[in-house]
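Reading the structure
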Amino acid sequence: MKHQTAGTQMGIYYFHIRDEFGLIEDQDGIELPDRVALLMEVIQSADEFARETTVQPKMRFEVTDADGRTVLVTPVQQSAEIWDLLASMSVTTGGVH
């Protein structure tokens with residue numbers, strides 16, 4: 001389900017989690033304005049997930065759009081590490097541009 005809001009394409013994305021035991025499907029989804037927001041949400045979600053649970057080496061996010069198409073697959077651990085790197089760059093360099 002996508003619609004236009006003030007010239008911005010909105011989309012609903014589902015953040016499924018896959019590990020060696022199978023797939024945990026996101027039933028709710030999240031509405032995001034664009035792909036940049038999607039990437040930021042993946043990084044933030046991985047960070048929160050890594051802090052709240054034990055991340056397994058093979059655990060990954062499988063992000064699908066409202067039509068069920070996979071738009072992004074990323075290991076949770078690597079996403080959390082990227083978020084930490086971006087956060088440290090923000091502090092040491094005065095921001096990420």
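Each remark here, short or long, concerns the structure printed above.
Calculation criteria
Residues numbered from 1 in each chain as written. Predicted model: local features only at pLDDT ≥ 70, side-chain atom pairs only at ≥ 80, totals over all residues. Heavy atoms only, no water. Core = buried A, V, L, I, M, F, W, Y, C linked by side-chain atoms within 4.5 Å. Buried < 20%, exposed > 50% of the residue type's maximum accessible area, 1.4 Å probe, protein only. Helix = DSSP H or I, 4+ residues; strand = E, 2+ residues; numbered from the N terminus. Phe/Tyr/Trp six-rings, centres within 6.5 Å; stacked < 30°, edge-to-face > 60°. Pairing = 2+ DSSP bridges.

Looking at the nonpolar core
- Of all hydrophobic cores here, the largest spans 12 residues; its members are Tyr-13, Phe-15, Ile-17, Leu-32, Ala-37, Leu-38, Val-42, Ala-46, Met-59, Phe-61, Val-63 and Val-76.
- When residues of this core are traced back to their parent elements, those giving at least two are strand 2 (8-19), helix 1 (35-52) and strand 5 (60-65).
- The biggest single contributor to this core is helix 1, with four residues.

As for the packing of aromatic side chains
- For the structure shown, the criterion picks out one aromatic pair.
- Judged by centre distance (6.0 Å) and plane angle (80 degrees), the ring pair of Phe-15 and Phe-61 falls under edge-to-face. Taken together, the residues span a long stretch of sequence, with Phe-15 in strand 2 and Phe-61 in strand 5 at a distance of 46 residues.
- Judged by relative accessible area, which is 11%, Phe-15 ranks as buried.
- For Phe-61, a relative accessible area of 3% puts it in the buried group.

Structural notes on the pairing of strand 6 (residues 70-75)
- Taken together, the five bridges between strand 5 and strand 6 define a ladder with antiparallel strand orientation. Bridge pairing in strand 6 places Thr-64 opposite Thr-70.
- In this antiparallel pair of consecutive strands, strand 5 and strand 6, the connection spans four residues, and Gly-68 shows a positive phi of 85 degrees.

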